[in-house]
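Letter by letter, the chains look like this.
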Amino acid sequence: MSSRQNVAPNDLSAFWMPFTANRQFKKAPRMFVKAKDMHYTTSDGRQVLDGTAGLWCVNAGHCRPKIVEAIAEQAAEMDYAPAFQMGHPKAFELANALVNIAPEGMNHVLYTNSGSESVETALKVALAYHRVKGDGSRFRLIGRERGYHGVNFGGISVGGIVTNRKMFGTLLTGVDHMPHTHTPGKNQFTRGEREEGADLASELERIVTLHDASTIAAVIVEPVAGSTGVLIPPKGYLQKLREITKKHGILLIFDEVITGFGRLGTPFAADYFGVTPDIMITAKGLTNGTIPMGAVLVTSEIHDAFMQGPEHMIEFMHGYTYSGNPVASAAGLATLETYKDEGLLTRGAELAKYWEDALHSLKGLPHVIDIRNLGLIGAVELQPIDGAPTKRAFAAFVKAFEAGILIRTTGDIIAMSPPLMITKAQIDELIGTLSTVLKGLE
Ligand SMILES: Cc1ncc(COP(=O)(O)O)c(C=O)c1O
């Protein structure tokens, strides 16, 4: 018998899990086997309240009927159609539906399969745009410290999380970073956006002075930095970035992978902040986490710049086998319908104050050194254990799971972003349980 046949179906070793402490997990696995609306069911039959919308993606709640049916119907009707030089109606329908909810001017859509691929696509569009306009000396990409833009080479190059970068060689060249907007030890427990700090955007002017605007293609930021621990921009900061980029002919890219689709109580963060970028990156909530799909939205100015030369030529040498996949497109359409039917893209605005008050009620609990919030995003930062960073928050995560709530941790920061269908009673349950967990932490 070969060793392959000896592997039991439930052996955990074959799957090298992503962003997971594999050895620790496999000693004490945490498994979900079912989900419905606001809850997961664990393999031992317990209900767990979803405080994180899966991984910031299940914005409408789990296993919503319209989405489930649309996926099943499309898989039965037409599973796949070639993405290059062929089309199918739902990819076009979804692009139109996206443009209809996007900020004015974001008129064209390129599909991807994830947030990371959306990032790569956006960076490539930005570089190629300048080139097709005859401005090919604009090759630099500017990101921000503590930014997260997925895990592919472009994304980790413009991203600013050291642990995601340090193993992978030289990365992309021609990248620089603005400082992040966080001020540890200052402005703790600010509710929403803080008043001072917009001037941090002027750091972009310093970078422009260093490299010259004529070498810079684009600036990419998350409107609210999520994965690095929920860093809320100071009031006026994004507006200022927009002014500076516009002044210098630099494209502004918003990575809306977590802020898109209602997270801040508006369809996109661009709406919340009243700042329209040139390129908008989405994924996650686009299909409610069901089928992998991302979308990059661009202005007509960018799209039209490519539409030149002989008509039989491909205008942009980029795309994926699964760009606009039929099942993913059906999932996306049904997701946008569910958001619309239930008012979910703006429901966060109604709940934001209640969410904020509930979160900030944790102030004063053991080890809590900061609390941050915006829309339906919240973070509780814990004092790290001396010499063992991340351990305290991870202990909170495991205890929370055992107590029946799903939270997320990054470093010593607990992040929460529940499905937008959450009720006030469920907010109380989530925060109440977290409070008990925090009180029991060492
Ligand atoms: C802002 C941002 N960009 C990109 C990504 C990468 O998305 P994915 O994991 O789908 O590749 C994430 C994922 O959390 C994200 O938060």
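Our structure's up above, just so we're on the same page.
Residues numbered from 1 in each chain as written. Predicted model: local features only at pLDDT ≥ 70, side-chain atom pairs only at ≥ 80, totals over all residues. Heavy atoms only, no water.

Now for the nonpolar core. By size, the foremost hydrophobic cluster in this structure holds 89 residues, and its most contacted members are Met178, Val380, Ile414, Met416, Leu434 and Leu438. Among all residues touching Val380, those that are not within four sequence positions of it are Leu359, Leu362, Val368, Asp370, Ile371, Asp412, Ile413, Ile414, Met416, Leu434 and Leu438. Grouped together as the second largest cluster of nonpolar side chains are 23 residues, Val125, Ile279, Ile281 and Ala305 included. (Core = buried A, V, L, I, M, F, W, Y, C linked by side-chain atoms within 4.5 Å. Buried < 20%, exposed > 50% of the residue type's maximum accessible area, 1.4 Å probe, protein only. Contact = heavy atoms within 4.5 Å.)

Counting buried residues in strand 11 (residues 368–374) gives six out of seven residues, a clear majority hidden from the surface. In this structure, strand 11 lies alongside strand 12 (residues 377–382), joined through six bridges in antiparallel fashion. Across the sheet, the residue bridging to Arg372 is Ala379, located in strand 12. Between strand 11 and strand 12, which follow one another and run antiparallel, lie two residues, and Gly375 among them has a positive phi close to 50 degrees. (Helix = DSSP H or I, 4+ residues; strand = E, 2+ residues; numbered from the N terminus. Pairing = 2+ DSSP bridges.)

Tallying each qualifying case throughout the model produces 18 salt bridges. Asp37 is paired through a salt bridge with Arg64; the nearest N and O atoms lie 3.7 Å apart. With a gap of 27 residues between them, Asp37 in the loop between strand 1 (32–36) and strand 2 (39–42) and Arg64 in the loop between helix 2 (53–56) and helix 3 (65–77) connect regions that are remote in the sequence. What emerges from the salt-bridge pattern is a single network uniting Lys36, Asp37, Arg64 and Glu342. (Salt bridge = Lys/Arg side-chain N within 4 Å of Asp/Glu carboxyl O.)

Bringing the site of the ligand into the picture now. The ligand sits among Ser114, Gly115, Ser116, Tyr148, His149, Gly150, Glu222, Ser227, Asp255, Val257, Ile258 and Lys284. Residue Ser116 places a side-chain N or O atom 2.6 Å away from an oxygen atom belonging to the ligand. Between the ligand and Asp255 there is a distance of 2.7 Å, counted from a nitrogen atom to a side-chain nitrogen or oxygen. Relative to its free-state accessible area of 390 Å², the ligand is covered by the protein chains to the extent of 83%. Of the residues belonging to the shell around the ligand, the class tally is three nonpolar, six polar and three charged. (Near = heavy atom within 4 Å. Polar contact = N/O pair within 3.5 Å; in protein donor to acceptor, adjacent residues only side chain to side chain. Areas by Shrake-Rupley, 256 points an atom, 1.4 Å probe, with all protein chains shown as cover. Nonpolar A, V, L, I, M, F, W, Y, C, P; charged D, E, K, R; others polar.)

Moving on, we come to the side chain of Arg138. The topology assignment puts Arg138 in the loop between helix 5 (115–132) and strand 5 (140–144). Arg138 sits in the buried class, given a relative accessible area of 10%. Of the polar contacts made by the side chain of Arg138, one reaches the side chain of Asp135; its length is 3.0 Å. In contact with Arg138, other than residues within four places in its own chain, are Leu127, His130, Ala213, Ser214, Thr215, Ile216, Ala217, His248, Gly249 and Ile250.

In short, geometric facts, not functional conclusions.
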